[in-house]
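What the coordinates show
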Amino acid sequence: MRSVSTLLFLLLLTPAAAQRSYLVDWDAVGAEAIDHLVELVQIPSVNPPGNETEVAEYVKAVLAAEGIESRLYALDPARANLVARIEGNGSKQPILIMGHTDVVGVQPEKWYADPFSGMRQDGYIYGRGTLDDKDNVAAGMMVMILLKRLGVELDRDVIFLAESGEEGTPDVGINFMVEKHWDVIAAEYCIAEGGQGVIRDGKVHTFGVETTEKMPRRVTLVARGTPGHGSIPRLDNAVMILANAVAKAAAWQTEMRLNETTEAYFRRMAAIAPPEEAVLYENVANPEMTDEVQQRFLETFPYHYSILRTSVVPTVIDAGFRRNVIPSEASAILDIRMLPDEDVEGFYQSLAAVIDDPRVEIVPEPIYRPAAPPSEIDNEMFQTLERVAVDMYPEATVLPIMSTGATDMAQVRAKGVQAYGIGPARTIAEINSGFGAHGDNERVAEDAFVSMVEYLWRVVLEMGASD
Ligand SMILES: [Zn+2]
């Protein structure tokens, strides 16, 4: 947590004139932000069913108490989205801050305490949504409140969207907002979830900003054969046909390629990594070494293997129902995560060629997140995200990140918005603890959360405040 005096000191060093006149007491505002995060966690908006309207109503009431108007937009009355706007003078295009109000489910028996109690202990806030994504909801709400309280004069509108349905049902959330209410959220830039700082030796060492993400394009493999008695072998046993197809698909080393984000990511990682690691990052695309490097990634840090390619991962097999019956049909799901520029149909054709068995049908799932190019890493917004990060965390290297997962930013990027994901910093031990997003005992460190609120505030101020 940063005190006023530290902030003042930093402001004297900061050339941006816009920030000088807006002082924030981060001890007080941090405590307030934590209280709101706890209250948000205490609303169990598990999707399904979601019931995000309850969260939206909470945010609406908090904003209203500050004199900020907001409006609910609902395709399903129980699953409303909230939009608020603080107007600027219109000389620049708006910034959109997003946070999703739904959370994934829990296995409560695996938690220390009620996952919806918002328990605070040893500097952590526990609860489903503390990292995904009520931290961003609370941070966005606090930034709107501060803009209003301090009467910040803005060159651009700042829009806050607390959207429902991110966890697998974007039709009620971001798709509904993009398709039916784009006019109320249209922006030049967007800031949402998906980034993360990494703390080493008590300091933020890398500061990841999500600039692009892979596209979920899963398929179901359906194998068909002749049913019969388990005592009699058959060449067209559906279980065997499926198993062969799954094995071939999983072993397929798809084409490796870099984009602007991953190229910069590996270059920056090479500059800060110990020599034995740096040599891997430096030689990712070196034809002489790339095979070896990729193999090392696969064995030791599969995330790096994944961001180099469209990945194919078997996750579900559904075959047979009785030990002495050969079923007529067997199926498997391949969780395919495509590079942002992948030729989807072409990839499915290549998959069919790899499986090379006409008895296996490839059935793609409906597309629920559109394709979108990576957001830029040389524009005013990325430079600001980078400058503020280095200002707040002088030892940090800012890394543009391609997420292997998917978020609602896909939809806004597809509309031409430059979108960036941020998140609280965590230690390596914390990242490896299992207490992360979607995990048991999901938790956020209070100081890291408050620091994230301050970061978002400073970025919005630098991008939006009039001189
Ligand atoms: Zn999320």
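Residues numbered from 1 in each chain as written. Predicted model: local features only at pLDDT ≥ 70, side-chain atom pairs only at ≥ 80, totals over all residues. Heavy atoms only, no water.

Some words on the side chain of His-304
Under the convention used in this document: Here a helix means four or more residues in a row that DSSP labels H or I, a strand means two or more in a row labelled E, and each is numbered from the N terminus. Only protein chains enter the accessibility calculation, which uses a 1.4 Å probe; a residue whose area is less than 20% of its type maximum is buried, one above 50% is exposed, and one in between is partly exposed. Contacts are assigned to residue pairs with any non-hydrogen atoms lying within 4.5 Å of each other.
Along the chain, His-304 turns up in helix α11 (residues 302-306). Take His-304: its relative accessible area is 1%, and that puts it in the buried class. Contact partners of His-304, with chain neighbours within four places excluded, come to Tyr-265, Phe-266, Met-269, Tyr-281 and Phe-297.

As for the coordination of the zinc ion
Just so we agree on the cut-off: Each metal's donors comprise the N, O and S atoms found within 2.8 Å of it (within 3.2 Å for Na, K or Ca). Water is not part of the atom list, so some coordination spheres may appear incomplete. In this scheme the shape depends on donor count and angles: four donors with every angle between 85 and 135 degrees give tetrahedral, four or six donors with opposite pairs above 155 degrees and others between 65 and 115 give square planar or octahedral in turn, and any other case is irregular.
In the first shell of the zinc ion, the protein supplies His-100 (NE2), Asp-132 (OD), Glu-193 (OE) and Glu-193 (OE), at 1.9 to 2.8 Å from the metal. Classification of the site at the zinc ion as irregular follows from its 4 donor atoms and the range of 51 to 146 degrees in their angles at the metal.

Thoughts on the packing of aromatic side chains
For the record, the criterion: Any two rings among Phe, Tyr and Trp, with Trp reduced to its six-membered ring, count as a pair given centres within 6.5 Å; such a pair is stacked if its planes are under 30 degrees apart, edge-to-face if over 60, and tilted if neither. Whether a charge sits over a ring comes down to the Lys NZ or Arg CZ being within 6 Å of the ring centre and within 35 degrees of the ring normal.
A complete count under the given rule lists 13 aromatic pairs for this structure. Ring centres of Tyr-112 and Tyr-126 lie 6.1 Å apart, and the angle between their planes is 65 degrees; this geometry places the pair in the edge-to-face category. Taken as a pair, Tyr-112 in the loop between β3 (95-100) and β4 (120-121) and Tyr-126 in strand β5 (residues 124-126) lie far apart in primary sequence, 14 residues in all. Arranged with centres 6.0 Å apart and planes meeting at 45 degrees, the rings of Phe-301 and Tyr-303 form a pair that is tilted. Connected via pairs of aromatic rings, a cluster forms that spans Tyr-265, Phe-266, Tyr-281, Phe-297, Phe-301 and Tyr-303. One Lys or Arg, Arg-309, reaches over the ring of Tyr-305 and ends 4.1 Å from the middle of that ring. A cation over an aromatic ring shows up here: Arg-443 above the ring of Tyr-124, its NZ or CZ 3.7 Å from the ring centre.

Section: the pattern of salt bridges
Note the threshold: The salt bridge definition used is simple: a Lys or Arg side-chain nitrogen within 4 Å of an Asp or Glu carboxyl oxygen.
Enumeration over the complete set of coordinates arrives at 29 salt bridges. Across the salt bridge formed by Arg-224 and Glu-361, the nearest N and O atoms sit 3.0 Å from each other. Taken together, the residues Arg-224 in strand β11 (residues 219-224) and Glu-361 in strand β16 (residues 360-364) connect sequence positions 137 residues apart. In this structure Glu-361 comes out as partly exposed when scored by relative accessible area, which is 37%. Between Arg-257 and Glu-342 there is a salt bridge, and its shortest N-O distance comes to 3.5 Å. Taken together, the residues Arg-257 in the loop between α7 (238-251) and α8 (260-272) and Glu-342 in the loop between β15 (329-338) and α12 (344-355) connect sequence positions 85 residues apart.

Section: the nonpolar core
Burial of nonpolar side chains together is a common tendency in soluble globular proteins. This is how the line gets drawn: What we call a nonpolar core is a set of buried Ala, Val, Leu, Ile, Met, Phe, Trp, Tyr and Cys residues that are connected through their side-chain atoms within 4.5 Å.
Ranked by size, the top nonpolar core spans 73 residues in total, and within it Val-59, Leu-147 and Trp-457 carry the most contacts. Tallying contributions element by element places helix α16 (residues 446-464) first for this core, with 11 residues. When residues no more than four places from it in sequence are discounted, the contact partners of Trp-457 are Tyr-22, Val-24, Trp-26, Val-143, Leu-146, Leu-147, Leu-150 and Val-152. Core analysis: the second largest hydrophobic core is formed by 23 residues, Ile-241, Ile-336, Met-338 and Val-360 among them.

Some details on the confidence of the model for the protein
We apply this condition: Confidence of the predictor at the level of single residues is captured by pLDDT, which takes values from 0 to 100.
Per-residue pLDDT for the protein averages 95, and the proportion of residues at 70 or more is 96%. Below pLDDT 50 for its whole length, residues 1-18 participates in 34 contacts with residues either more than four positions away or in separate chains.

Re the pairing of strand β6 (residues 158-163)
A regular strand carries its side chains on alternate faces of the sheet. What counts here: One bridge is not enough; two strands pair if DSSP finds at least two bridges between them.
Within β6, 6 of the 6 residues are buried, which leaves the element mostly enclosed by the surrounding structure. By the alternation rule, side chains of β6 split into Val-158, Phe-160 and Ala-162 and Ile-159, Leu-161 and Glu-163, which are all buried. With 5 bridges joining them, strand β2 (residues 81-86) and β6 adopt antiparallel strand pairing. For Leu-82, the partnering residue across the bridge sits in β6 and is Ala-162.

Comments concerning the pairing of β3
Most of β3 sits inside the fold, with 6 of its 6 residues counted as buried. Inspection of the sheet shows β3 paired to β6 by 6 bridges, in the parallel sense. The residue of β6 that forms the bridge with His-100 is Glu-163.

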